[in-house]
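So you can see what is in the structure, the chains are spelled out below.
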Amino acid sequence: MKSEVVVTGMGVYTSIGNHIDNFEKALRQGKCGIRYEDSNPLLPETLKLQAKITYVFSEEVKKWEAVVPDICATAKKNLRRASKVVQLSALASMEAWVQAGLYETQVPKDKLSIIVAGSNLNQSACFAQAQKYMKEPEYVSPSYALQFMDTDLVGNLSELFGIQEDGFTIGGASASGNVAIIKAYQFLMRSDLDACMVAAPVAELSKVELMSFHNLNVLGGKTLGENSCRPFDKKHEGFVPAEGCGCIILEKKESALRRNATIYAQLLSGAISLDGNRLSNPSLEGESNTMKKALEIADIDGKEIGYINAHATSTPMGDEIEVAAIKKVFDKNLKHIWVNSTKSLTGHCLYSAGLIELIATILEMRGGFVHPNLNLEEPIDTELNLVGNMAREVQFDYAMSNSFGFGGINTCVIIKRGK
């Protein structure tokens, strides 16, 4: 008998709001987390835009002490001096853990796994350590041998939550969040596991990676400052790198019902396909075929979809190809499907983007609204039902979320309203 996979817990930290309730308010209000920082006049304009998360680790841990004191005690002991990547992942996972009720009615330890989205997560720390090595090679910390590996995060989450089943990291460039969700979904469908924690960390890029994006000419900020992130607008000129971290608990429906957990959404399908292309340019065929594949796996018709959370990064070629792909897949059903991009509010959260945007989609579905698509003044297309600069009250039961990554990685997930 085919199992159903549902979402029972969510946690999030972004530039527009920390925690699920604040994130939902920010989505409704159309809050933008992108800020212009001119502290270094030598930087190119594209590197002066930031979308940072604001938090104090010790204060954030206190919020959960009354509910999960043992987990908080371990966090304070182990993570006080940890990197932002590890600290924020732990905090987002705590929120998802509490929301899923796993502190009350636990999933057996041999039935719960971890998947971490992304790769090369600690580039900033590696760059800092390299600079230190050049000055004083003998003083490199022995703990760095563990910390530069992405699996350090798997180990920390495993110890924090007592998870002792499968665990690994998985990369898919900017599609990493969706890749991790899809692999967790497949994992649960094909195994005797009950649940999977899917964590999507902040990508701490160093100045080297940021400068390479600048030189590749894919960043916004050349002319419009804080208004530079404008998906689907004719003045789009590139994406804005942003901080974002999220976690969801995926669980078999029978396990969720057994625990009497709240079901926020059902994950109907996920599809991944490659373009056979190592570069950054998108593919109309790759994107449209992936959306079609996701619809086929979900066993629903395109007319059922009421909302698409688009990948739409605000790059001219990327936005235009995705519009063409959506039109190719949905054809005559376009007018009743709302389309927007969460990146217009949060910036591009890179590895965690897909997971954060799935959380946004679930909140919109449950809340009966679609968030604004900021800075949309001159749409690149008039046939798509693009959400403008104001939120809209909309009811929908099925939604699609797209994420596409460099190297021809195309992903799509479809969810259904939870009951």
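That block above? That's the structure.
As a starting point, this report considers the structure included with it. (Residues numbered from 1 in each chain as written. Predicted model: local features only at pLDDT ≥ 70, side-chain atom pairs only at ≥ 80, totals over all residues. Heavy atoms only, no water.)

## A few points about the packing of helix 4 (residues 84-99) against helix 7 (residues 151-161)
So, point 1. Following both chains from N to C, one finds helix 4 and helix 7 inclined at 40°, their axes separated by 10 Å at the closest point. What the angle tells us is that helix 4 and helix 7 run oblique. Crossing of helix 4 over helix 7 shows right-handed handedness. From helix 4, Val85, Val86, Ser89, Ala90, Ser93, Met94 and Trp97 reach across to helix 7, where they touch Asp152, Leu153, Asn156, Leu157, Leu160 and Phe161.
So, point 2. When the residues that make up the contact of helix 4 with helix 7 are grouped by side-chain class, the tally is nine nonpolar, three polar and one charged. (Axes fitted to C-alpha atoms, helices over the stretch in contact; angles between N-to-C directions. Helix = DSSP H or I, 4+ residues; strand = E, 2+ residues; numbered from the N terminus. Parallel < 35°, antiparallel > 145°, perpendicular 65-115°, else oblique. Left-handed = near helix turned anticlockwise from the far one by under 90°. Contact = heavy atoms within 4.5 Å. Nonpolar A, V, L, I, M, F, W, Y, C, P; charged D, E, K, R; others polar.)

## Brief notes about helix 8 (residues 176-190)
Two residues of an α-helix separated by three or four positions point the same way, owing to the 3.6 residues in each turn.
So, point 1. Here helix 8 spans 21 Å end to end across 15 residues, near enough to the 21 Å set by a 1.5 Å rise per residue.
So, point 2. Counted residue by residue, helix 8 has 11 buried out of 15 residues, so it is predominantly covered.
So, point 3. Every buried residue of helix 8 is listed here: Ser176, Gly177, Asn178, Val179, Ala180, Ile181, Ile182, Ala184, Tyr185, Gln186 and Leu188. (Expected span 1.5 Å × (residues − 1). Buried < 20%, exposed > 50% of the residue type's maximum accessible area, 1.4 Å probe, protein only.)

## A closer look at the packing of helix 1 (residues 20-29) against helix 14 (residues 353-367)
So, point 1. Packing of helix 1 against helix 14 leaves a shortest axis separation of 10 Å and a crossing angle of 75°. Here helix 1 lies roughly perpendicular to helix 14, going by the angle between them. Contacts between helix 1 and helix 14 involve Ile20, Phe23, Glu24, Leu27 and Arg28 on the former and, on the latter, Ile356, Ile359, Ala360, Leu363 and Gly367.
So, point 2. Of the residues belonging to the contact of helix 1 with helix 14, the class tally is seven nonpolar, one polar and two charged.

## Observations concerning the pairing of strand 15 (residues 398-405)
So, point 1. Most of strand 15 is tucked away, with eight of its eight residues classed as buried.
So, point 2. Residues Tyr398, Met400, Asn402 and Phe404 of strand 15 are buried on one face, and the alternating residues Ala399, Ser401, Ser403 and Gly405, pointing to the opposite face, are buried as well.
So, point 3. With three bridges connecting them, strand 10 (residues 307-309) and strand 15 associate as parallel partners. Following the sheet pairing, tyrosine 307 is matched in strand 15 by alanine 399.
So, point 4. Turn length for the strand 15-strand 16 (residues 409-417) hairpin, with the two strands adjacent in sequence and antiparallel, is three residues, and the turn residue glycine 407 shows positive phi of about 85°. (Pairing = 2+ DSSP bridges.)

## Things to note about unusual backbone geometry
So, point 1. Its identity is not glycine, yet histidine 19 carries a phi of approximately 85°, on the positive side.
So, point 2. Looking at the secondary structure, you find histidine 19 in the loop between strand 2 (17-18) and helix 1.
So, point 3. You can call histidine 19 buried: its relative accessible area is 9%.
So, point 4. If you check the backbone angles, asparagine 217 has positive phi at about 65° while not being a glycine.
So, point 5. Relative to the elements of secondary structure, asparagine 217 occurs in the loop between helix 9 (207-215) and strand 8 (244-252).

## Description of the pattern of salt bridges
Opposite charge on two side chains allows them to pair when their charged atoms are near.
So, point 1. Per the stated rule, a full pass over the model turns up 19 salt bridges.
So, point 2. As a salt-bridge pair, glutamate 243 and lysine 84 come within 2.9 Å of each other at their nearest N and O atoms. Of this pair, glutamate 243 sits in the loop between helix 9 and strand 8 while lysine 84 sits in helix 4, and the two are 159 residues apart along the sequence.
So, point 3. Looking at glutamate 243, the relative accessible area reads 7%, which means it is buried.
So, point 4. The salt bridge involving lysine 327 is made with glutamate 383; its shortest N-O contact spans 3.3 Å. Taken as a pair, lysine 327 in helix 12 (residues 316-330) and glutamate 383 in the loop between strand 12 (369-370) and strand 13 (385-386) lie far apart in primary sequence, 56 residues in all.
So, point 5. Note on lysine 327: relative accessible area 22%, which makes it partly exposed.
So, point 6. Look at glutamate 383 and you get partly exposed, because its relative accessible area is 41%. (Salt bridge = Lys/Arg side-chain N within 4 Å of Asp/Glu carboxyl O.)

## A word on the pairing of strand 16
So, point 1. In terms of burial, strand 16 is largely enclosed, as seven of its nine residues are buried.
So, point 2. Sheet analysis places strand 9 (residues 265-274) next to strand 16, joined by nine bridges and oriented antiparallel. Across the sheet, the residue bridging to leucine 267 is isoleucine 415, located in strand 16.
So, point 3. One ladder, built from eight bridges, connects strand 15 with strand 16; its direction is antiparallel. In the sheet register, phenylalanine 404 faces strand 16, and the bridge partner there is asparagine 410.

## A few points about the packing of aromatic side chains
So, point 1. On inspection of all chains with the given rule, the structure shows six aromatic pairs.
So, point 2. Measuring from ring centre to ring centre gives 5.5 Å for tyrosine 144 and phenylalanine 148, while their planes differ by 40°; the resulting arrangement is tilted.
So, point 3. Note on tyrosine 307 and phenylalanine 396: the rings are 5.2 Å apart at their centroids and 45° apart in plane angle, and the pair reads as tilted. Placement of tyrosine 307 in strand 10 and of phenylalanine 396 in the loop between strand 14 (392-393) and strand 15 is noted, with a sequence separation of 89 residues between them. Of the two residues, tyrosine 307 and phenylalanine 396, neither departs from the other in class, the shared state being buried.
So, point 4. Put simply, the rings of Phe213, Phe239 and Phe406 touch in pairs and so form one group of aromatic residues. (Phe/Tyr/Trp six-rings, centres within 6.5 Å; stacked < 30°, edge-to-face > 60°.)

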